[in-house]
Amino acid sequence: MGVGHEEGQYVLVDLEHAAVTHLIGDPEAATGLARFMAAELANNTWSEQLRASISGIGSGVVSINPDRLQHIPDPSTAVTELHRDLREHTDVLDELGLSNSLNGRQDERNGDAWMPQIAMLTPLSPALPGAAPLWPPTVHALIHALKQRRRTGISLVLVGDDAPEHAADLHEHSSDWWLHVDSAGRLSIPALGITAQAHHLSDIEAARIGELLASTDRLDDVPMPDSRGDQPWDLISDVSGGLRPGLHTVTDALGHRIPLQIIPTQAAQDPTSLGLQPFPDLQDLPTAASPDEHATPQSERVSGSHDDAEAAEPFIPDLSGGSSFEESVRGTFLDADAQAAASPAPEGDTAAGGGLVPFLPATSRPESEPSEEPFSPGPPGPGPAAADPEVRTVVLPASPELLAVTATTAGDIQRLSPSVAAPARQRVENADPDLDADLEAWHGSTLRPRLAILGPIQVRASGQPLAKRVAWHTEVLCYLTAHPRGVTGEQMETDLWPHDLGSSTSRLRNALYLLRGWLGRDQDGELFLPHATPAVAGGPGLYRVHGLLSDAELFRRLRLRGVARGAPGLSDLERALTLVTGVPFEHRRPGGYSWLSDIPLDHEFSAMIIDTAHLVATAHISANRPADAIRAAQTALKADHNSDIALLDLVAACDQLGLRAEADSWVTRLLQAHDAEVEEDLPPRTAEILHRRRLGQVS
């Protein structure tokens, strides 16, 4: 059990050997150490089957692992329960003729009888002011019993026992296991002759750790936030480049909020019945909708009823430059929910023999090996799609045949590969006419600054090179990139110097000055990082980088266009994957980037990469191209080394290649990543897909 540290070394105490451990000294410091010890017991793998009762050190720590920790308000109850456990342990030891629990664990008899039980207690508050804290009367008998026989698997930790008269009483029953912590957090253990810095954890910190760990148990998908930018493609995509279905709110150049509603259609049956309807507060704006449509309640319109869709004249905006601002911000596409109905099968989404290749025994698989060539996409996709009534998807809608061959679910396909009609596809194309030129500039020569964050962070700029503190100014650029609409200097000071605002203003000015020189100017002599200018008249000045090329932004744009193009857009998705070089924001400045907790781009971009790679892998496996699927999945593992989605794609691809042993090794890695013994202990989606695989092997 860790209790302190000094010069890179850690001080550990064997609570079971000590039997009774006293934490004395400064009350807050001693309680903080006890709380840290409880948190360690709650999470360590070696204390997997431990049970600890705590009383008086705060209930927040229990949330870290309620299966191991329990809060007992009355210390008398905790003492009674621990004394009962002690009697049970000693009875088993006597029956087996063993001297202590350590021998029992080594003997492997009655293994579940030696699970450690610990109680951490503080004394009762005194009845009179100034009186010494009181322990429950039963604690003395428990201490005596514990000292009579060590290593029973029962341990007692008494916190705050620093009253001289009471300490002397307890000294009669204890050895020298007294840990003293002063107000400066210095720990001394006389029995060991050790001094060190004591560990400490506040109740608030413990509760926050519990919240963080609880969030990792969430197995449901959380919708991606809408894009934070204000470019035309931002208005029709989320932060990961996915198409934005449903109800949304965007803002215009003046900061006015414009609520938009994209009405779901009845899938491929009538792809022309798509439209964009304003909320009642926008009824005065000109649209091409029928005057009668506003009589239908919004709740009914959201449901996408067939009658309502036919009653309204489709409103198809022109993002290439409409006659009004309202038209310039409206993008339209089919909602993901619409794809459940049957649609024409896009070319290239079936196996060579005209069908899908299911999981087969290794002896029945085609003999082919994954290519060792670096991952590279095929030829660029076609130009803007013609305005035809075809509804496209990157992969076929979910079917038993598709689910039998791939490592996906119907929900995945509905979310990642929505049905997109030709008019909506044209709107996406028109929203980003410069994408191919920007990709060429990214890989070629340009004055524009280039920022790589889908892997190790790197900046390429044409201005004055920095002589020092490159990592710091790189972080400032990343921060500005995270605020594409601009950010005030005051907000930058708060986010970049959260603990030292005293001299942050002058440091910010200097950082912006040097960064501005590093980024340089464009071909017209304009600064890529202009001085702060207000977004609206009279508003605060905003700092904003212009003309920046970012691999993450290019990825988003490629994904948006690729999904909109359907099967022909697979090459766009593959080109996006070539931009990935590692974990997003890898090799960040030590101690920096705390602002990512408020704008979690690192997590959003990891999910973006994994989702895109999964879609690409699913398309290739369904078309009997497992080697290409392997390369896509391996790219996803660059962003998240233990991604269930990517590992399952590798399992499916290896199975399709007949590489059964390799597929099983990826399953083993999945189990290890979750510390699971059997597949049923894995998250539901993962367990479902592996169960489906086993059924395929049997059949």
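Quick note: structure is the one above.
Residues numbered from 1 in each chain as written. Predicted model: local features only at pLDDT ≥ 70, side-chain atom pairs only at ≥ 80, totals over all residues. Heavy atoms only, no water.

J.: Can you walk me through the overall build of the protein in this structure?
T.: In terms of helices and strands, the protein carries 24 helices and 20 strands. If you take every contact in the protein between residues at least 6 apart in sequence, the share linking residues at least 24 apart comes to 67%. Entry remark: accessible area of the protein is about 31700 Å², with carbon and sulfur atoms responsible for 53%. (Helix = DSSP H or I, 4+ residues; strand = E, 2+ residues; numbered from the N terminus. Contact = heavy atoms within 4.5 Å. Areas by Shrake-Rupley, 256 points an atom, 1.4 Å probe, with all protein chains shown as cover.)

J.: What exactly am I supposed to notice about the pairing of strand β7 (residues 154-159) here?
T.: It is a general feature of regular strands that their side chains alternate between the two faces of the sheet. Burial of β7 is extensive: six of the six residues sit out of reach of the surface. Burial along β7 is two-sided: Ile154, Leu156 and Leu158 and Ser155, Val157 and Val159, pointing in opposite directions, are all buried. Of the pairings in the sheet, the one linking strand β3 (residues 20-25) to β7 comprises four bridges and is parallel in character. Its bridge partner being in β7, Val20 is matched across the sheet by Leu156. (Buried < 20%, exposed > 50% of the residue type's maximum accessible area, 1.4 Å probe, protein only. Pairing = 2+ DSSP bridges.)

J.: Any chance you could explain the pairing of strand β9 (residues 186-189) here in plain terms?
T.: Side chains Leu187 and Ile189 of β9 all project onto a buried face; the interleaved residues Arg186 and Ser188 project onto a face where none is buried. With two bridges connecting them, strand β8 (residues 178-181) and β9 associate as antiparallel partners. Paired with Val181 across the bridge in β9 is Leu187. Between β8 and β9, which pair antiparallel and follow one another directly, the connecting turn spans four residues, one of which, Gly185, has a positive phi of 85 degrees. Two strands pair when backbone bridges link them, and β9 and strand β10 (residues 194-198) are joined in this way by four bridges, in the antiparallel orientation. Residue pairing in the sheet places Arg186 in a bridge with Gln197 of β10.

J.: Would you mind showing me how to read the sheet that holds β9 here?
T.: Picture the strands of a sheet paired through backbone hydrogen bonds; they go either parallel or antiparallel. Ordered in space as β2-β1-β10-β9-β8-β3-β7-β6-β4-β5, the ten strands form an open sheet in which the pairing is mixed. Every other strand in the sheet has two partners, leaving β2 (9-12) and β5 (69-71) as the edge strands with one partner each. Strand-to-strand twist in this sheet, taken as the mean axis angle between neighbours without regard to direction, amounts to 25 degrees. Both strand β4 (residues 51-55) and strand β6 (residues 117-121) contribute to a ladder of five bridges, which runs parallel. Bridged to Ser53 within β6 is Ala119. Strands in contact with helix α2 (residues 27-43) are β1 (2-6), β3, β4, β5, β6, β7, β8 and β9; relative to β3, the strand with the most contacts, it is inclined by about 140 degrees. Against the sheet, helix α3 (residues 75-96) makes contact with β4, β5, β6 and β7, and its axis sits at roughly 155 degrees relative to β6, the strand it touches most. (Axes fitted to C-alpha atoms, helices over the stretch in contact; angles between N-to-C directions.)

J.: What's the story with the sheet that holds strand β16 (residues 450-452) in this structure? I'm lost.
T.: The strand order across the open sheet formed by three strands is β17-β16-β20, and the pairing between neighbours is mixed. The strands lining the two open edges of the sheet, one partner per strand, are β17 (458-460) and β20 (549-550). Where β16 and β17 come together, three bridges link them in antiparallel fashion. What sits directly across from Ala452, in β17, is Gln458.

J.: Explain the environment of Asp238 here, please?
T.: Mapping Asp238 onto the fold places it in the loop between α7 (203-215) and β11 (247-251). C-alpha separation for the pair Asp238 and Pro225, spaced 13 residues apart in sequence, amounts to 5.8 Å. Those residues in contact with Asp238 that lie beyond four places of it in its chain are Met224, Pro225, Asp226, Ser227, Arg244 and Arg556. Within the structure, Asp238 has its side chain in polar contact with the backbone nitrogen of Gly241 (distance 3.1 Å). (Polar contact = N/O pair within 3.5 Å; in protein donor to acceptor, adjacent residues only side chain to side chain.)

J.: In this structure, what is going on with the packing of helix α15 (residues 470-481) against helix α16 (residues 489-496)? I would like to understand it.
T.: For any two helices packed against each other, the geometry is given by the interaxial angle and the distance between the axes. At their nearest, the axes of α15 and α16 sit 12 Å apart, and the two run at 125 degrees to each other. If you check the angle between α15 and α16, you find them oblique. The element α15 and its partner α16 pack so that their crossing is right-handed. Side by side, α15 and α16 meet where Trp472, Glu475, Val476, Tyr479 and Leu480 of the first sit next to Gln491, Met492, Asp495 and Leu496 of the second. Classifying every residue of the contact of α15 with α16 gives six nonpolar, one polar and two charged. (Parallel < 35°, antiparallel > 145°, perpendicular 65-115°, else oblique. Left-handed = near helix turned anticlockwise from the far one by under 90°. Nonpolar A, V, L, I, M, F, W, Y, C, P; charged D, E, K, R; others polar.)

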